[in-house]
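# Secondary and tertiary structure notes
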Amino acid sequence: MKRKIIAGNYKMNKTITEVEEFLNEIKDSINVTDKEVIIFPNNLAVYSAVKLLENTNVKVGIQNISTEDSGAYTGETSAVMAKDALCTYVLCGHSERREKFSETDEIVNKKVLKCLENSLKPVICVGENLLQRQDNFHFVTVKHQVKKALKGVSKEDIENIIIAYEPIWAIGTGESATSKQADEMCKYIKEKLKEEYGEEASKIKVLYGGSVTEKTADELLNMENIDGALIGSASLKKEFVNIVNTKIVD
Ligand code: PGA
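## Some words on the packing of aromatic side chains
Scanning all chains against the criterion turns up 3 aromatic pairs. Geometrically, the ring pair formed by Tyr-10 and Phe-22 is edge-to-face, given 6.3 Å between the ring centres and 65° between the ring planes. Separated by 12 residues along the polypeptide, Tyr-10 in the loop between β1 (4-9) and α1 (16-30) and Phe-22 in helix α1 bring together distant segments of the chain. The pair formed by Tyr-10 and Phe-22 is uniform in burial state, with each residue classed as buried. Over the ring of Phe-22 we find Lys-14; its NZ or CZ atom is 4.2 Å from the centre of that ring. Directly above the aromatic system of Phe-101 lies the positively charged group of Arg-97, at a separation of 4.2 Å from the ring centroid.

Here is the structure:
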């Protein structure tokens, strides 16, 4: 069985000091071997988090990178810089970036390619909004987002890709998708990837994200097609430890 991934996206929460205090409190309890644990703190806290977690299995990622390598891009952080800060993962195309910072599928694709060029692993977020779900457009929306995000990604690179299915209506709303809805979309994504990349696609992990809590984690993480969870608000609290320690039944 694949190791499930438990990823915590801190978004724009917790200062460096708060990240350090929190990680010192929980790091022993999230230092597990049966799952892969990743945290995404704010950019300024990334390096100190890496240092603090140095002797653990917990990996650190950055929440966003630039499409460019260097130059006159005030406020941006490049993939090279993220790599130098010892990040392993990068969130690409989170719906908040798509909606609040006008990130298009083309921009997401550029970021994915930048990650791979720099040996960083992109966690590509996709997901439909409420209207799209109500109109039964959720599958086609997600299919296009995945296809566009992966444009130009070779078969060899596919094992370094993670997809996170995060329906927008479930993010930060307290209303998680049901385990059945989440599982069927993760399954669908895997089927589409298989059509594109063949058997190699089975190496891609597909996570679910959107209001995952310690109460819903057990059922979600035990679904056949869900390879892990991307967690926002519950990752800021001690509750994250319980999610990390969810029992996965073979
Ligand atoms: P949430 O956020 O768990 O607070 O809904 C998930 C995410 O945005 O990745």
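## Some remarks on the pairing of β1
Within a regular beta strand, the side chains point alternately toward one face of the sheet and then the other, so they alternate between its two faces. Most of β1 is tucked away, with 6 of its 6 residues classed as buried. Burial of the side chains of β1 extends over both faces: Lys-4, Ile-6 and Gly-8 are buried on one face and Ile-5, Ala-7 and Asn-9 on the other. One crossover worth recording links β1 to the parallel strand β2 (residues 35-40) by way of α1, and it is right-handed. Here β1 pairs with strand β8 (residues 228-231) via 4 bridges, running parallel. Its bridge partner lying in β8, Ile-6 is registered against Ala-229.

## Concerning the site of the ligand
Residues in contact with the ligand amount to 13 residues; listed here are only the nearest, Lys-11, His-94, Glu-166, Gly-172 and Ser-211. Contact distances for the ligand include 2.7 Å between an oxygen atom and a backbone N or O atom of Gly-172. Between the ligand and Ser-211, the relevant distance is 2.7 Å, taken from an oxygen atom to a main-chain nitrogen or oxygen of the residue. For the ligand, the accessible surface in isolation is 280 Å², of which the surrounding protein chains cover 98%.

Cut-off values and rules
- Residues numbered from 1 in each chain as written.
- Predicted model: local features only at pLDDT ≥ 70, side-chain atom pairs only at ≥ 80, totals over all residues.
- Heavy atoms only, no water.
- Phe/Tyr/Trp six-rings, centres within 6.5 Å; stacked < 30°, edge-to-face > 60°.
- Helix = DSSP H or I, 4+ residues; strand = E, 2+ residues; numbered from the N terminus.
- Buried < 20%, exposed > 50% of the residue type's maximum accessible area, 1.4 Å probe, protein only.
- Lys NZ or Arg CZ within 6 Å of the ring centre and 35° of its normal.
- Right-handed = clockwise from strand over helix to strand, strands pointing away.
- Pairing = 2+ DSSP bridges.
- Near = heavy atom within 4 Å.
- Polar contact = N/O pair within 3.5 Å; in protein donor to acceptor, adjacent residues only side chain to side chain.
- Areas by Shrake-Rupley, 256 points an atom, 1.4 Å probe, with all protein chains shown as cover.

Structural measurements only, silent on function.
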